[in-house]
Amino acid sequence: MRTFHITLSLGALAAALAFTPAFAQDSAPTDTSTLTADERIARLEQELDTLKRQRELDQEIATSAAAKTPVATLDKKGLSFTSADGKYSFGLNAQVNVDVHSFSSDGGSLRDEVVDRLVRPTFTGRAGNASFRFTPELGGSSSAAASIVDAYIEYKFSDAVQFRGGKFKSPLGLERLQSDADVIWTERGHSTNLVPNRDVGYQVFGTLLDNAVEYQVGMFNGATDGVNLNNDLDNEKDVVYRVFAQPFLNSSVVFLQGFGIGYAGSDGKHLGNATDTQLGSYKTPGQQTFFKYGTGVYSNGKETRSNPQAWFYLNNFGLLADYVTVRQDVASPTATAELENKALDVSASWVITGENVNYKGGVKPAKDFSLKNRTWGAIELTTRYGYTEIDPNAFAGGFASASSAAQKATSTGFGIGWYWSENLKLLADYDATEFEGGAAAGADRRKEAFTSGRIQFRY
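No experiment lies behind these values; they were computed from the predicted model shown.

Here is what the cut-offs are and how they apply
- Residues numbered from 1 in each chain as written.
- Predicted model: local features only at pLDDT ≥ 70, side-chain atom pairs only at ≥ 80, totals over all residues.
- Heavy atoms only, no water.
- Helix = DSSP H or I, 4+ residues; strand = E, 2+ residues; numbered from the N terminus.
- Buried < 20%, exposed > 50% of the residue type's maximum accessible area, 1.4 Å probe, protein only.
- Contact = heavy atoms within 4.5 Å.
- Salt bridge = Lys/Arg side-chain N within 4 Å of Asp/Glu carboxyl O.
- Patch = residues over 30% accessible without salt bridge, like charges linked within 9 Å, V, L, I, M, F, W, Y side chains within 5 Å.
- Areas by Shrake-Rupley, 256 points an atom, 1.4 Å probe, with all protein chains shown as cover.
- Phe/Tyr/Trp six-rings, centres within 6.5 Å; stacked < 30°, edge-to-face > 60°.
- Lys NZ or Arg CZ within 6 Å of the ring centre and 35° of its normal.
- Core = buried A, V, L, I, M, F, W, Y, C linked by side-chain atoms within 4.5 Å.
- Pairing = 2+ DSSP bridges.
- Polar contact = N/O pair within 3.5 Å; in protein donor to acceptor, adjacent residues only side chain to side chain.

Trainee: Let's hear about the side chain of Glu187: which residues, and what values?
Mentor: Here Glu187 shows up in the loop between helix 4 (174-177) and strand 8 (199-208). Exposure remark for Glu187: the relative accessible area of 5% places this residue in the buried category. Setting aside chain neighbours within four positions, we find Glu187 in contact with Asp99, His101, Arg117, Pro285, Gln287, Arg384 and Phe450.

This is the structure we're talking about:
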């Protein structure tokens with residue numbers, strides 16, 4: 001679009017017309033030789049008004065076209081399309097984790113492998129205050145077909161009151177609730193053993209006091225521990241709730257602004273049977289099952305979870321603590337009992353290159369890795385401790401066998417994360433897990449030493 005700038009006084013126009021009659025005669029479509037200077041000035045003013053109006057029309061057309069043209073954005077967060085008025089949007093993101101697993105001190109019984117641990121495209125959309133998210137899982141270490149990770153809709157009444165319905169993470173387990181792209185280990189810790197993976201239901205949630213308090217409360221089908229549930233298994237439902245506060249978030253006490261503490265829990269009733277037990281099995285950080293109930297044992301009534309949780313982040317240091325207990329009524333062909341299982345996970349991280357670390361968003365390198373520029377990204381050191389402990393009555397009552405199921409698994413680990421950019425990071429971890437029971441005649445199962453690595457791309 002061309003822009004004309006014309007600044008000319010009427011006196012100058014009159015002088016120009018007086019001394020350039022030939023030019024005026026050649027430029028005008030009609031003969032102006034008989035016009036007076038005032039008439040010629042009037043005609044030029046008319047033509048200037050016409051040009052000005054044409055310019056205004058061009059600007060109006062351009063503005064109207066821009067108002068109807070969606071905005072496409074391609075950046076480090078993925079691909080998105082947004083309507084010109086900002087009310088509608090559609091986005092595409094992806095995450096790919098390629099892992100290597102290696103075991104030692106296991107007598108060669110466990111498989112070393114390279115696996116597409118996670119391959120997830122994510123589709124999101126928004127129409128006004130309504131939105132949706134859909135994430136399938138195309139990766140994994142098994143030959144199972146693709147599954148659905150998240151599939152839900154939301155409506156936002158305000159920051160304090162929002163609604164979600166569909167399949168997603170129920171608000172249990174601080175480590176489980178952390179984004180898969182932000183976790184600092186290749187595999188999650190012990191506390192994740194005792195909470196669902198994904199469940200189907202409805203939830204009301206929101207933030208209060210300028211984001212210092214968040215809450216969730218919902219009703220779900222009732223996924224068992226560690227399960228990614230698609231369909232309800234009985235007529236019962238779980239009520240799940242959580243409140244998490246950062247009491248110093250908006251205060252002047254800088255040292256404590258990154259402190260958060262909360263509590264989550266669930267109340268429900270699971271009625272399984274010998275075929276569909278509705279009981280979970282528990283795994284080590286190396287994803288090896290160390291405990292499962294015996295044949296013919298099933299859930300037989302009330303199940304409650306208790307989940308105190310906390311985090312502390314200060315500049316380049318982070319600490320996360322997650323504790324879960326599950327009280328579950330179980331039954332076998334000959335007995336019933338209420339069992340209480342427990343799990344703890346405490347994880348710490350230190351970004352030695354100085355970048356900030358936080359629960360949401362992970363580590364963002366100050367400078368991306370580049371051999372040409374001699375910049376190295378961000379480097380994070382990690383360590384953790386955790387355990388899963390089974391109620392002794394599970395063995396005394398015949399609900400599990402001490403010869404094949406361990407009564408307790410305790411893990412210690414350390415690792416390193418190398419962030420090349422916000423989109424690419426490398427992880428290397430080592431976890432050693434010791435057991436109580438779980439081998440022939442009730443002896444302790446062999447120690448598990450698990451080394452893992454990951455290349456993660458997020459977009």
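Now that the structure has been shown, the text picks up again.
Trainee: Before we move on, can you summarise the pattern of salt bridges with the specific residues and values?
Mentor: Taken as a whole and judged by the stated rule, the model has 23 salt bridges. Between Asp150 and Arg198 there is a salt bridge, and its shortest N-O distance comes to 3.0 Å. One end of the pair, Asp150, is in strand 6 (residues 147-156); the other, Arg198, is in the loop between helix 4 and strand 8, with 48 residues separating them in the sequence. Arg198 matches Asp150 in its accessibility class, with the two residues each being buried.

Trainee: Help me get a handle on a nonpolar patch on the surface, residues and values and all.
Mentor: On the surface, a cluster of nonpolar side chains totalling about 570 Å² of accessible area is made up of Phe81, Phe90, Leu92, Phe132, Phe134, Ile148 and Ile153. Elements represented by at least two residues in the nonpolar patch include exactly strand 3 (88-104), strand 5 (130-137) and strand 6. Tracing the backbone shows Phe134 in strand 5.

Trainee: Describe the packing of aromatic side chains, and please don't skip the residues or the numbers.
Mentor: Per the stated rule, a full pass over the model turns up 21 aromatic pairs. An angle of 35° between the planes, with centres 5.1 Å apart, marks the rings of Phe103 and Phe450 as tilted. Linking Phe103 in strand 3 with Phe450 in strand 20 (residues 448-458), this pair joins segments that are 347 residues apart in sequence. Look at Phe103 and you get buried, because its relative accessible area is 9%. For the ring pair Phe123 and Phe134, a centre distance of 6.3 Å and an interplane angle of 25° mean the geometry is stacked. Note that Phe123 is positioned in strand 4 (residues 113-127) and Phe134 in strand 5, a separation of 11 residues in sequence. Overall, Phe123 belongs to the partly exposed group, its relative accessible area being 27%. Following the ring pairs from residue to residue traces out a cluster consisting of Phe244, Trp311, Tyr313 and Tyr359. Across from the ring centre of Phe168, 5.2 Å away, lies the NZ or CZ of Arg164, which sits over that ring.

Trainee: Kindly report on the nonpolar core, identifying the contributing residues and their values.
Mentor: Judged by nonpolar contacts, the single largest core of 28 residues is most densely connected at Phe290, Phe291, Tyr293 and Phe395. Breaking this core down by element, the ones donating at least two residues are strand 13 (289-291), strand 15 (317-331), strand 16 (336-351), helix 5 (393-396) and strand 18 (406-419). With 3 residues, strand 15 is the single largest residue contributor to this core. By size, the runner-up hydrophobic cluster in this structure holds 13 residues, among which are Trp185, Phe244, Tyr313 and Val351.

Trainee: Account for the pairing of strand 18, naming residues and giving values.
Mentor: Each regular strand shows side chains that alternate between the opposite faces of the sheet. When strand 17 (residues 378-389) meets strand 18, the two strands line up antiparallel, connected through 12 bridges. Residue pairing for strand 18: Leu381 is matched across the bridge by Ile416. Where strand 18 and strand 19 (residues 424-437) come together, 13 bridges link them in antiparallel fashion. Looking at strand 19, one finds that Ile416 is bridged to Ala428. Here strand 18 hands over to strand 19 after 4 residues, the two strands then running antiparallel side by side.

Trainee: A description of the pairing of strand 8 should follow, citing residues and the corresponding values.
Mentor: Pairing between strand 7 (residues 162-168) and strand 8: 7 bridges, direction antiparallel. Residue pairing in the sheet places Gln162 in a bridge with Phe205 of strand 8. Judged from the 8 bridges that link them, strand 8 and strand 9 (residues 213-220) form a sheet pairing that is antiparallel. Paired with Gly201 across the two strands is Phe220, which belongs to strand 9. A loop of 4 residues connects strand 8 with strand 9, the two strands running antiparallel in sequence, and Leu209 in this loop sits at a positive phi of about 50°.

Trainee: So what about the environment of Lys364? Which residues, and what values?
Mentor: The residue Lys364 is located in the loop between strand 16 and strand 17 in this model. Along the backbone, Lys364 and Gly377 are 13 residues apart, and their C-alpha atoms lie at a distance of 8.6 Å. Apart from residues lying up to four places away in sequence, Lys364 is in contact with Glu355 and Glu422. Polar side-chain contacts of Lys364 include one of 3.3 Å to the backbone oxygen of Gly361.

Trainee: Could you give an account of unusual backbone geometry, naming the residues involved and the relevant values?
Mentor: The phi dihedral of Gln287 falls on the positive side, at around 65°, and the residue is not glycine. On the accessibility criterion, Gln287 (28% relative accessible area) is partly exposed. Even without being glycine, Asn315 reaches a positive phi, approximately 55°. You can see Asn315 is positioned in the loop between strand 14 (298-314) and strand 15.

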